Structures are given as structure tokens and as C-alpha cells.
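Take a look at the letters that make up each chain.
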Amino acid sequence: MSEIRVKPVKCLRGELTLPGDKSISHRTIMLASLARGKTSVSGISKGEDILKTAHAFQSMGIEIQGLGSDSLTIQGKGLRGLSQPRDIVDCGNSGTTMRLLSGILAAQNFSSTLTGDESLRKRPMDRIVEPLEKMGARIKGKFAPLKIEGKRLKAVSYRIPIPSAQVKSCILLAGLYAQGKTEVTELARSRDHTERMLKYLEADIEVRDLTVSITGEKELIAKPINIPGDISSASFFVIGAIFLPGSHIRLSGVGLNPTRMGIIDILKEMGAEIEIENLREANNEPRGDVVARGSRLKGITIGGEMIPRVIDELPLLALAATKAEGETIIKDAQELRVKETDRIRALSINLSRMGVEVEEREDGLIIQGSCQLKGAKVDSFGDHRMAMALVMAGLIARGKTVVSDTDCIKTSFPEFEAILKRLKVV
Ligand code: S3P
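Residues numbered from 1 in each chain as written. Predicted model: local features only at pLDDT ≥ 70, side-chain atom pairs only at ≥ 80, totals over all residues. Heavy atoms only, no water.

S.K.: I keep staring at the overall build of the protein chain and nothing clicks. Help me out?
M.R.: What the protein chain contains, in helices and strands, is 13 helices and 24 strands. Here the C-alpha radius of gyration of the protein chain, 21 Å, is about what a compact globule of 426 residues would show, namely 22 Å. Across its three principal directions, the C-alpha atoms of the protein chain cover 60 × 45 × 40 Å. For the protein chain, the residues scored as buried account for 61% of the 426 residues in total. A sequence separation of at least 24 residues applies to 75% of the contacts in the protein chain between residues at least 6 apart. Just so you have it, the protein chain exposes about 16100 Å², and 47% of that area is on carbon and sulfur atoms. The centroid of the 62 positive side-chain charges in the protein chain is displaced by 2 Å from the centroid of its 54 negative side-chain charges. (Helix = DSSP H or I, 4+ residues; strand = E, 2+ residues; numbered from the N terminus. Rg over C-alpha atoms; globule rule 2.2 N^0.38 Å. Buried < 20%, exposed > 50% of the residue type's maximum accessible area, 1.4 Å probe, protein only. Contact = heavy atoms within 4.5 Å. Areas by Shrake-Rupley, 256 points an atom, 1.4 Å probe, with all protein chains shown as cover. Lys, Arg positive; Asp, Glu negative; His and termini not counted. Charge placed at Lys NZ, Arg CZ, Asp CG, Glu CD.)

S.K.: Would you mind showing me how to read the environment of Met-306 here?
M.R.: If you trace the backbone, Met-306 turns up in the loop between β18 (301-302) and α9 (307-310). Look at Met-306 and you get buried, because its relative accessible area is 19%. Measuring from C-alpha to C-alpha, the distance between Met-306 and Gly-262 comes to 6.5 Å, with 44 residues separating the pair along the chain. Those residues within four positions of Met-306 in sequence are excluded, and the remaining contacts are Gly-262, Asp-265 and Ile-266.

S.K.: How should the site of the ligand be read in this particular structure?
M.R.: Contacts to the ligand come from Ser-23, Arg-27, Thr-96, Arg-99, Ser-164, Ala-165, Gln-166, Arg-191, Ile-311, Asp-312 and Lys-339. Between the ligand and the protein, one listed contact pairs an oxygen atom with a side-chain N or O atom of Ser-23 at 2.7 Å. At a separation of 2.8 Å, an oxygen atom of the ligand approaches a polar backbone atom of Gln-166. The fraction of the free accessible surface of the ligand (380 Å²) that becomes covered by protein chains is 94%. Both domain 1 (3-19 + 228-425) and domain 2 (22-226) contribute no fewer than three residues apiece to the shell around the ligand. (Near = heavy atom within 4 Å. Polar contact = N/O pair within 3.5 Å; in protein donor to acceptor, adjacent residues only side chain to side chain. Domains from an automatic or database assignment.)

S.K.: Would you mind showing me how to read the sheet that holds strand β4 (residues 63-65) here?
M.R.: Across a sheet, strands are paired by hydrogen bonds formed along the backbone, either parallel or antiparallel in direction. The strand order β4-β5-β3-β14 describes an open sheet built from four strands, whose pairing is mixed. A strand with exactly one partner marks an edge of an open sheet, and here the two such strands are β4 and β14 (225-226). Sheet topology places strand β3 (residues 36-42) next to strand β5 (residues 71-77); seven bridges connect them, and they run antiparallel. Among the inter-strand pairings, Lys-38 is bridged to a residue of β5, identified as Gln-75. (Pairing = 2+ DSSP bridges.)

S.K.: Which parts of the structure should I look at to understand the sheet that holds strand β11 (residues 181-185)?
M.R.: Pairing within the open sheet is mixed, and its four strands lie in the order β10-β11-β13-β12. Taken across any chain shown, the strands that pair with only one partner, and hence form the sheet edges, are β10 (157-159) and β12 (204-208). Going from strand to strand, the sheet's axes swing by 15° on average, the running direction of each strand aside. Taken together, the three bridges between β10 and β11 define a ladder with parallel strand orientation. Across the sheet, Ser-157 pairs through a bridge with Glu-183, a residue of β11. Running over the sheet, helix α6 (residues 193-200) touches β12 and β13 (211-215) and is turned about 135° from β12. (Axes fitted to C-alpha atoms, helices over the stretch in contact; angles between N-to-C directions.)

S.K.: Can you help me understand the confidence of the model for the protein chain in this one?
M.R.: For residues with low pLDDT, the predicted coordinates do not support detailed interpretation. Looking at the protein chain as a whole, the pLDDT averages 98, with 100% of positions reaching at least 70. Across the protein chain, the element-wise mean pLDDT spans from 95 in strand β24 (residues 424-425) up to 99 in helix α1 (residues 22-34). (pLDDT = per-residue confidence, 0-100.)

S.K.: Would you mind going over the packing of aromatic side chains with me for this structure?
M.R.: Two aromatic rings are characterised by how far apart their centres lie and by the angle between their planes. Applying the stated criterion to the full structure yields four aromatic pairs. Between Phe-236 and Phe-416 the ring centres are 5.8 Å apart and the planes differ by 70°, which places this aromatic pair in the edge-to-face class. Within this pair, whereas Phe-236 is found in helix α7 (residues 231-243), its partner Phe-416 is found in helix α13 (residues 416-423), the two being separated by 180 residues in sequence. For Phe-416, a relative accessible area of 0% puts it in the buried group. (Phe/Tyr/Trp six-rings, centres within 6.5 Å; stacked < 30°, edge-to-face > 60°.)

S.K.: When you look at the packing of helix α11 (residues 343-353) against helix α12 (residues 384-396) in this model, what are you seeing that I'm missing?
M.R.: Axes are the key here: two packed helices are described by the angle between their axes and the distance separating the axes. Where α11 meets α12, the closest approach of the two axes is 11 Å, and the angle between their N-to-C directions is 25°. Judged on the interaxial angle alone, α12 and α11 are roughly parallel. Viewed along their axes, α11 and α12 form a crossing whose handedness is right-handed. Judged by residue contacts, Arg-343, Ala-346, Leu-347 and Asn-350 of α11 engage His-384, Arg-385, Met-386 and Leu-390 from α12. Residues that form the contact of α11 with α12 fall into these classes: four nonpolar, two polar and two charged. (Parallel < 35°, antiparallel > 145°, perpendicular 65-115°, else oblique. Left-handed = near helix turned anticlockwise from the far one by under 90°. Nonpolar A, V, L, I, M, F, W, Y, C, P; charged D, E, K, R; others polar.)

S.K.: Quick question: what am I supposed to make of the packing of helix α10 (residues 314-323) against α12 here?
M.R.: Where α10 meets α12, the closest approach of the two axes is 9 Å, and the angle between their N-to-C directions is 20°. In terms of orientation, α10 lies roughly parallel with respect to α12. The two elements α10 and α12 meet at a crossing, and its hand is right-handed. Between α10 and α12, the residues in contact are Pro-315, Leu-316, Leu-319 and Lys-323 and Met-386, Ala-389, Met-392, Ala-393 and Ile-396, respectively. When grouped by side-chain class, the residues that make up the contact of α10 with α12 number eight nonpolar, no polar and one charged.

S.K.: Would you explain the environment of Arg-250 in this entry?
M.R.: Residue placement: Arg-250 occurs in strand β15 (residues 248-255). Arg-250 sits 39 residues away from Asp-289 along the chain, and the two C-alpha atoms are 6.7 Å apart.

S.K.: Is there a simple way to explain unusual backbone geometry in this structure?
M.R.: Backbone phi values are negative for most residues with the exception of glycine, while trans is the configuration of most peptide bonds. A cis geometry characterises the amide bond from Ala-144 onward to Pro-145, with omega recorded as 0°. Note on placement: Pro-145 falls in the loop between β8 (138-140) and β9 (146-149). In the Ramachandran plot, Glu-217 falls in the positive-phi region, its phi being about 70° despite a non-glycine side chain. Locating Glu-217 in the fold gives a position in the loop between β13 and β14. In the Ramachandran plot, Ser-370 falls in the positive-phi region, its phi being about 50° despite a non-glycine side chain. Within the secondary structure layout, Ser-370 lies in the loop between β21 (364-368) and β22 (377-379). Residue Ser-370 is classed as exposed on the basis of its relative accessible area of 55%.

Here it is in C-alpha cells:
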């Protein structure tokens, strides 16, 4: 099993453009495959999760050229153009692949089976099975493998009991095929990349407050898609720069969708010096340059409607809390327990090993700040975001840190180590 050894650095400096947003990359492959016509894609993520989505569509007869590079051509075949996959579809580590794809497969005129790695097979799928069954789908399994028998779906109105963009997107994709208007209402606004891309590709979709409605059976129109840099990937370096006095980094063309910007808003509230420049929009997704410098932070409470806007960055905010003055409380974040690993448990274990005073709660963590981290042997538990957050922790710790089980980083951000090397000043 691979590990990363980390030594403290002086600061981070430099300018660069990050690889494409993972969430938008998944949706690009899916919607371009279902659209009529050829889509040129630029800036797509090269993470393994994205390759899983691409392979799934290739196995259903979609021609995708350029896989492995950051520009693709996808020959969409229309809503009814998929053919039965040649084999069981392997979603690897990717919850987004499994949950979004299930919505599409539930409406096909063929059967299919989806599976994944050990982590994905432990993650709850009843959250998508229940609404899809209400729409008339036939699905066997509450955990992967899922056996999906395609059916003619009917439109429903569904209130999602947990904050989840994956569940919302799954229902909207099923709604593309249902007769009539499908309505999804969420508790708090989660990332809206699916809605934005569907609108861009001319689906019949409308957003009102926390309800999204889509009228089914309308074909999507293929259009070029440029994917902005991944704000979740950017966040590792932004945090690193903030921690280390003398740092100054500029990350260009980062996705700045308001439903994903929680990390910037919270860090600013904690006192971080972050600036957004050149804010612009392309393909219905905002983007801009993020500039960050070494700053002093203070502890805060993070919870409620903010949580879905920052769900993937909470491990980094837990790390930020260790350096902030005073106490930081993270609450209402029980969803962290069903991510690639139980991130509340993993943070509590690893931060304790590094000398942090941390209390684990069912729905979050309480972290005491102003802590000088100690280098330690820490464990990603096979979770890419945990692995990368721990590498950043190692940069500011006293002594050497060894992060074990780091192969998982390539599921979302294979370029992580190379980019960090470019920014590091030792
Ligand atoms: C994602 C939604 C979030 C997020 C995940 C990607 C998406 O999951 O944690 O990394 O692309 O829709 P949930 O919808 O389960 O919160």
C-alpha cells in the first residue's frame, strides 16, 4: 500500500490552473451521451471516478474519443440511444457514478447491474431506490450491487429527506424520461450542476426556491462544454497558503458556483485573506481566479444550510480549526459518516494522533484551536479527500508525517502531488 511522507515547508507560492471539476465532469459525460449530436469537451477531470463514468457509457455503445486526456469528443445518441451494457457496470469508488447512473438506467428498455469497490458497496443506496421505485422503477438491493430492470417511468413530486445533490440529480435524470413533470424539493440547496447543465442543453427545467421541476421526454441538444477548475481540489492549496505566512497563490479558472463556494465564505468569516478576480461565466457555470495569502484565523460554528455548500471541504475546515484561535464547532454534518469513509471518525482519530484536542459528535466535531500539530503516522482509511487533507496537515506539523493508504488520491485528483511540488517553497 502506498504512503506519502511529508515534511514541513516554509510557504506555498505560484500561479496555476487546476484540472476540471469532478462533479461537472461526471455530468458532462452523462448528458453529452444522452444528447443528440457531438459534444466537444475541454478541461475534463482525469480522475479514476470520471474514467468509471466514461467506461460505463462506452459499454452502452457511446463513442468517446480522447479518454485519458483533458479534451474529449462524445458522440451522443439521444435519450433512447443507449444499448444494454456488455457486462456488470463497475462504478469503482464513485458514489456519483452509481447514484446518477441509476436514474438513467431505471428508465431504459433493458436490465443492468451496477457494482463498486469495497467502500462503495457499503454506502447507502436506499436513498435513490426509494424515489426511483415511486417513479415505477424495479431495483433489487439497498447496497451495491444494484440490479436495475428498466421500466417506463412516471413523473412524481418528491421531497428529499437528506441534503444530497446525488439524490436530486438521480431523480432529475430519471425525470428526463418520465411522462409529465417531475418535481424534486430539497431541504437546503445542494450543488446545482445538473440543473445548470440541463438548462444549457435546453431541457425543459425550472428552478423555484428549493424545488426543481423537469418535464420529461424532451431531447437534449449537444453543445460544447468547457469545465472549470475543481474548487474542491483548489481548497487544499488555499488552506495550505492560508496556514503558512509568506504564501501567495493564484488559481485561475476555478469553478465558483455559489452552491460550492461555502469553503471560501467560511474561510473569509474565519479571517482568511482570499480574493476572487475575473469572475465570469461559461456554459452556465461561473468561474474566476482565486488568490490566497497567509492569514490568521479565528474559530467559528459551521452548521445548518451551510453544510451542503461545503460538504466535501469539511475535512479541510476541521484542519483549519486546529490553527484558528478559539473553538470551532462543526454540526449538522452526519452525512460525513457515509462518505468514502466515515469522515467524522477518521478526522477524530487522525487529528488526535497529531496532538489536537478534538471531540467527536454524532453529527460533527468540536475542535480546540491554536494547536501546534505534531508529525505522526496517520491513515486515509482509503478516502482520497482524507489522504490529501492529511498531507496538508503534514506541511504545517512539527516533525515528519506519514500518510498511509494514499493510492486513493487518484480517484479524484491524480495531479495532486505534482501540483503541490510546484507550489512548495522549502
Ligand atoms: C456530489 C455530491 C455530494 C458530494 C460528492 C459529489 C455530486 O454528495 O459529497 O463528492 O457530484 O453530486 P451527496 O449528494 O451524497 O451529498
